[in-house]
Amino acid sequence: MADPEIKSYEPLHESQSAAVTESRPVKAALMAIALAFLAVFLLLPLIVVFHEALAKGIGAYTEALSSPDTRSAIRLTLLVAAISVPLNVIFGISAAWAIAKFEFKGKAFLTTLIDLPFSVSPVISGLVYVLLFGAQGLLGAWLKAHGIVILFAVPGIVLATIFVTFPFVARELIPLMQEQGNGDEEAALSLGASGWQVFWYVTLPNVKWGLLYGVLLCNARAMGEFGAVSVVSGHIRGLTNTMPLHVEILYNEYNAVGAFAVASLLAGLALVTLVLKTLLEMRYGAEIAATRGH
Amino acid sequence: MEVRVVNVRKEFERFPALHDVSLDIRSGELIALLGPSGSGKTTLLRLIAGLERPTKGAIFFGDEDASQKSIQERNVGFVFQHYALFRHMTVADNIGFGLKVRHGAARPSGQEIRRRALELLDLVQLSGLEKRYPAQLSGGQRQRVALARAMAIEPKVLLLDEPFGALDAQVRRELRRWLREIHDRTGHTTVFVTHDQEEALELADRVVVMSQGRIEQVGTADDIYDTPNSPFVYSFIGESSSLPVKVENGEVWIADRPIGLQAPHARSGEAVLYFRPHDVDLLDGCSGCIAGTVAASRRVAGTRRVELEVGGERQRVEIELPVDHPAAQKSRVAFRPRRWKLFPKS
């Protein structure tokens, strides 16, 4: 005799999957729409960037990249990333550690605060620094009296970048550390390890892939940030122009090859980031936190 | 190392998890903390380890007050229910971790650490697996590695938190026997937490029965099973039956009949009679006994469990009969508990 359970289950199963599966034409239409959007809004612009950059040949491209102003913009971008990413790694790890491993008052508030840069327009974060450190700002007079220059200089750009890239590392590590709990740390402590040894030998290796993932995203944003940096930079050529700002200036001067050459570098960075991100997710998906909202 | 817990109280955010608990653990003893979840057994273990600090009271290791010491200074071996092995380290590195993190002269050479790790791996019968990672081991093997890692630091006390809780029944039984062997060979003072009474009674020299943040009874398996000192222990350990009774003139009564049990020291008034269902004498005639009509009868393995309705209020009580006993066929059964205890009505 046939198993009655399976018999009664199968039609149900079929009708269930039939209910959630669209017919062939609808499927095709949905996929076509998605692909068309991808092509028009993502792929095409990317091709245009490289096409325009190389429109006048490879010679013009390398020449555009080797102009002193461009090279200074690249240097500044690398410098800003080199300062702000490590600082945000330190902040991200300590915030994640505090939130995941301890109970304290105001924890929910701190968690929300970390997300603030995501919800605030970058221009506003830039403006905040102008209001704080500008000549008419809250600390402006004091800074001037002590000869400290923040606005329209490298420190301002670094501060704005740190603000904007604040959440990346912390947001990546918090759910990961919460999920892993305190067990491994307690085990290490019971074996006589000091707090620093616990962090170095146990906690850090446990989150290393999640951390790398966060650093990658943080770096991509640090190098690509436009709005906040634009407000505080002052656009001084060869001095306070980062790559994204430099692209805008060159473009406004109708220097298409120059603008797109620099843009192609940023696009290249984005592609490299994307590939690395995908590789990390494929290889260490389980060890990277589940929050991939960015 | 002898461990003394003296009047320890522990509160979590004002919620008491342990009320005034005292316990003496003898050197070299294998002792079990047994209780349902929420009884405070794990909290007590973590307090001994130094993973928690007592709200009140003190814990002594020998003559030394350990309560002021950090967990690192206490030198205890702790084994977690979910192993807590370091997943990015090999088995050998896991076992050697406690030696590697030592400072200065206390830290053995790399070669020495490795030698000790292999030696311990041999002790826990996992030779040859030193290069594996925890993910490549079975649950039982992981727990053995965790024990080897805890023993590598030559701990004063070995503490195990539900060490077999995450394993299946077969492996549990095996590891139980094996842990007893290791203990007998190494002689560490060992405290383990469990909610499995079979595990506690079989494995431990003494069992500490806990309930609602208090110690109910401490004793050998025989003490705990044969002379439970509270209704909780009676009902938590093994099978038990209870009946509401009355004490008058040093005799136990059910309704208007004495049941033939003398209780010269019990206070007169209402009480509850506890006994083990299998620990009864079956009687033919009934002058001074408990008699009842058979309400239900079930065959359980080698015995027959009979549920009786007793007295005018038809209180139900369960007793165990041999399968072939003639009483099992009757509609009315009379018996008297062989070993029993009275507790005041709560």
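Residues numbered from 1 in each chain as written. Chains lettered and ligands numbered in written order. Predicted model: local features only at pLDDT ≥ 70, side-chain atom pairs only at ≥ 80, totals over all residues.

Peer 1: For the overall build of chain A, give the residues involved together with the corresponding values.
Peer 2: Within chain A, the regular secondary structure consists of 15 helices and zero strands. For 294 residues, the compact-globule formula gives about 19 Å, and the C-alpha radius of gyration of chain A, at 25 Å, lies well above that figure. Over its C-alpha atoms, taken along the principal directions, chain A stretches across nearly 90 × 60 × 35 Å. (Helix = DSSP H or I, 4+ residues; strand = E, 2+ residues; numbered from the N terminus. Rg over C-alpha atoms; globule rule 2.2 N^0.38 Å.)

Peer 1: How would you summarise the environment of Trp253 of chain B if you had to cite specific residues and measurements?
Peer 2: Residue and element names in this part refer to chain B. With respect to the helices, strands and loops of the structure, Trp253 is situated in strand 12 (residues 251-254). Considered as a pair, Trp253 and Glu270 are 17 residues apart in the sequence and their alpha carbons are 9.5 Å apart. Every residue in contact with Trp253, bar those within four places of it in the chain, is listed here: Val245, Lys246, Glu248, Pro258 and Ile259. (Contact = placed C-beta atoms within 7 Å.)

Peer 1: Tell me what's going on with the environment of Arg257 of chain B, and back it up with residues and numbers.
Peer 2: All names here are of chain B. With respect to the helices and strands, the residue Arg257 is situated in strand 13 (residues 257-262). Residue Arg257 is classed as partly exposed on the basis of its C-beta count, with 14 C-beta atoms lying within 10 Å. Sequence spacing of Arg257 and Leu273 is 16 residues, and the spatial spacing of their C-alpha atoms is 15 Å. (Buried ≥ 20, exposed ≤ 12 C-beta atoms within 10 Å, placed from the backbone.)

Peer 1: Describe in detail the domain arrangement of chain A, supporting the description with residues and values.
Peer 2: Residue and element names in this part refer to chain A. As far as domains go, chain A holds domain 1 (1-53) and domain 2 (57-291). Each side of the interface is counted separately: domain 1 has five residues, and domain 2 has eight residues. Residues belonging to the side of domain 1 that touches domain 2 are distributed by class as follows: four nonpolar, no polar and one charged. (Domains from an automatic or database assignment. Nonpolar A, V, L, I, M, F, W, Y, C, P; charged D, E, K, R; others polar.)

Peer 1: Go over the nonpolar core with me, naming the residues and quoting the values.
Peer 2: Membership of the largest hydrophobic core comes to 106 residues, with the highest contact counts inside it found for Ala32, Ile48, Leu159 and Val208 of chain B. By residue number, the principal contributor to this core is helix 5 (residues 139-151) of chain B, which donates six residues. What Leu159 of chain B contacts, discounting residues up to four positions off in sequence, is Leu45, Ile48, Ala49, Val76, Gly77, Phe78 and Val191 of chain B. Residues Val80, Leu151, Ala160 and Met223 of chain A belong to the second largest nonpolar core, which totals 56 residues. (Core = buried A, V, L, I, M, F, W, Y, C linked by C-beta atoms within 7 Å.)

Peer 1: Can you break down the interface of chain A and chain B residue by residue, with the values?
Peer 2: Taken together, the 13 residues of chain A in the interface contact 17 residues of chain B. Within the residue set of the side of chain A that touches chain B, elements represented by two or more residues are helix 11 (183-190) and helix 12 (195-224) of chain A. Among the elements that make up the side of chain A that touches chain B, the one with the highest residue count is helix 11 of chain A (six residues). The residue inventory of the side of chain A that touches chain B, partitioned by class, reads six nonpolar, five polar and two charged.

Peer 1: Summarise the sheet that holds strand 6 (residues 76-79) of chain B; cite the residues concerned and give the values.
Peer 2: Residues and elements named next belong to chain B. Pairing is mixed in the open sheet, where six strands are placed in the order 6-7-8-3-9-10. Only two strands of the sheet have a single partner each, and these edge strands are strand 6 and strand 10 (214-219). Neighbour to neighbour, the strand axes of the sheet diverge by 15 degrees on average, direction disregarded. By the bridge criterion, four bridges tie strand 3 (residues 30-34) to strand 9 (residues 206-211) in an arrangement that is parallel. Bridge pairing links Leu33 to Val208 in strand 9. Against the sheet, helix 5 contacts strand 6 and strand 7 (157-161), and its axis sits at roughly 170 degrees relative to strand 6. (Pairing = 2+ DSSP bridges. Axes fitted to C-alpha atoms, helices over the stretch in contact; angles between N-to-C directions.)

Peer 1: Kindly report on the sheet that holds strand 17 (residues 303-310) of chain B, identifying the contributing residues and their values.
Peer 2: Residues and elements named next belong to chain B. Taking strand neighbours across the sheet as the criterion, the five strands line up as 15-19-16-17-18 in an open arrangement whose pairing is antiparallel. Only two strands of the sheet have a single neighbouring strand rather than two, namely strand 15 (280-283) and strand 18 (315-322). Neighbour-to-neighbour, the strand axes of this sheet turn through a mean angle of 45 degrees, independent of strand direction. Bridge count for strand 16 (residues 290-300) against strand 17 is eight bridges, and the pairing is antiparallel. When the sheet's bridge partners are listed, Val294 is paired in strand 17 with Leu308.

Peer 1: Go over helix 7 (residues 122-133) of chain A, please, and point to the residues and values.
Peer 2: All names here are of chain A. Across its 12 residues, helix 7 extends 17 Å between first and last C-alpha, which sits within 8% of the 16 Å expected from 1.5 Å per residue. Looking only at helix 7, the buried set comprises Pro122, Ser125, Gly126, Tyr129 and Phe133. For helix 7, the arc enclosing every buried residue in end-on projection is 100 degrees, short of the 170-degree limit, so these residues lie on one face. Buried residues along helix 7 sit in contact with helix 6 (116-119), helix 8 (140-145), helix 9 (154-165) and helix 13 (227-233). (Expected span 1.5 Å × (residues − 1). Arc of directions from axis to C-beta.)

Peer 1: Talk me through helix 4 (residues 110-123) of chain B; I want residue IDs and the actual numbers.
Peer 2: For the α-helix, the turn length of 3.6 residues means that residues three or four positions removed from each other point alike. Over its 14 residues, helix 4 of chain B runs 20 Å from end to end, which matches the ideal 20 Å to within 8%, given 1.5 Å per residue. Two residues or fewer past helix 4 of chain B, Gln125 of chain B is found with a positive phi of approximately 60 degrees.

Peer 1: Break down the confidence of the model for chain A for me, with residues and values.
Peer 2: All names here are of chain A. In this model, chain A carries a mean pLDDT of 86, and residues with pLDDT of at least 70 account for 91%. When pLDDT is averaged over each helix and strand of chain A, the minimum, 50, is found for helix 1 (residues 4-20) and the maximum, 94, for helix 11. In this model, residues 1-15 is a region of pLDDT below 50 whose contacts with residues beyond four sequence positions or in other chains number one contact. (pLDDT = per-residue confidence, 0-100.)

Peer 1: Describe the packing of helix 4 (residues 68-101) of chain A against helix 10 (residues 167-180) of chain A, naming the residues involved and giving the relevant values.
Peer 2: Residues and elements named next belong to chain A. Where helix 4 contacts helix 10, the two axes come as close as 8 Å, and the packing angle between them is 30 degrees. Between helix 4 and helix 10, the angle falls in the class roughly parallel. Note that helix 4 runs across helix 10; the crossing there is right-handed. Along the contact surface, helix 4 presents Asn88, Val89, Phe91, Gly92, Ile93, Ala95, Ala96, Trp97, Ile99, Ala100 and Lys101, while helix 10 presents Phe168, Val169, Ala170, Leu173, Ile174, Met177 and Gln178. Tallied by class, residues from the contact of helix 4 with helix 10 come to 14 nonpolar, three polar and one charged. (Parallel < 35°, antiparallel > 145°, perpendicular 65-115°, else oblique. Left-handed = near helix turned anticlockwise from the far one by under 90°.)

Peer 1: So what about the confidence of the model for chain B? Which residues, and what values?
Peer 2: Looking at chain B, the pLDDT average stands at 90 and 100% of residues meet or exceed 70. Of the two predicted TM-score estimates for the complex, the pTM is 0.80 and the ipTM is 0.85.

Peer 1: So what's going on with unusual backbone geometry? Which residues, and what values?
Peer 2: All names here are of chain B. Of note in the backbone geometry, Tyr83 takes a positive phi value of approximately 70 degrees without being a glycine. Along the polypeptide, Tyr83 turns up in the loop between strand 6 and helix 3 (91-100). Despite not being glycine, Asn249 has its phi angle at roughly 50 degrees, a positive value. By C-beta crowding, Asn249 is classed as exposed, having 9 other C-beta atoms within 10 Å.

Peer 1: Describe the environment of Ala95 of chain A, naming the residues involved and giving the relevant values.
Peer 2: You can see Ala95 of chain A is positioned in helix 4. In sequence terms Ala95 of chain A and Glu225 of chain A are 130 residues apart; their C-alpha atoms lie 23 Å from each other.

Peer 1: Lay out the pairing of strand 4 (residues 56-61) of chain B with the relevant residues and their values.
Peer 2: Residues and elements named next belong to chain B. Where strand 1 (residues 3-12) meets strand 4, five bridges bridge the pair, whose relative direction is antiparallel. Pairing of Arg9 across the sheet is with Lys56, part of strand 4. Two elements, strand 4 and strand 5 (residues 64-65), share two bridges in a ladder whose sense is antiparallel. Within strand 5, the residue paired with Phe60 across the bridge is Asp65. Taken together, strand 4 and the strand that follows it, strand 5, pair antiparallel across an intervening segment of two residues, in which Gly62 is found at a positive phi of about 65 degrees.

Peer 1: With reference to specific residues and values, describe the pairing of strand 8 (residues 189-194) of chain B.
Peer 2: Residues and elements named next belong to chain B. Most of strand 8 sits inside the fold, with six of its six residues counted as buried. Bridge count between strand 3 and strand 8: five bridges; the pairing is parallel. In the strand pairing of strand 8, Ile31 is matched with Val191. Here strand 7 pairs with strand 8 via five bridges, running parallel. Bridging across to strand 8, Leu159 finds its partner in Val191. In terms of handedness, the path from strand 7 via helix 6 (residues 169-186) over to strand 8 forms a crossover that is right-handed. (Right-handed = clockwise from strand over helix to strand, strands pointing away.)

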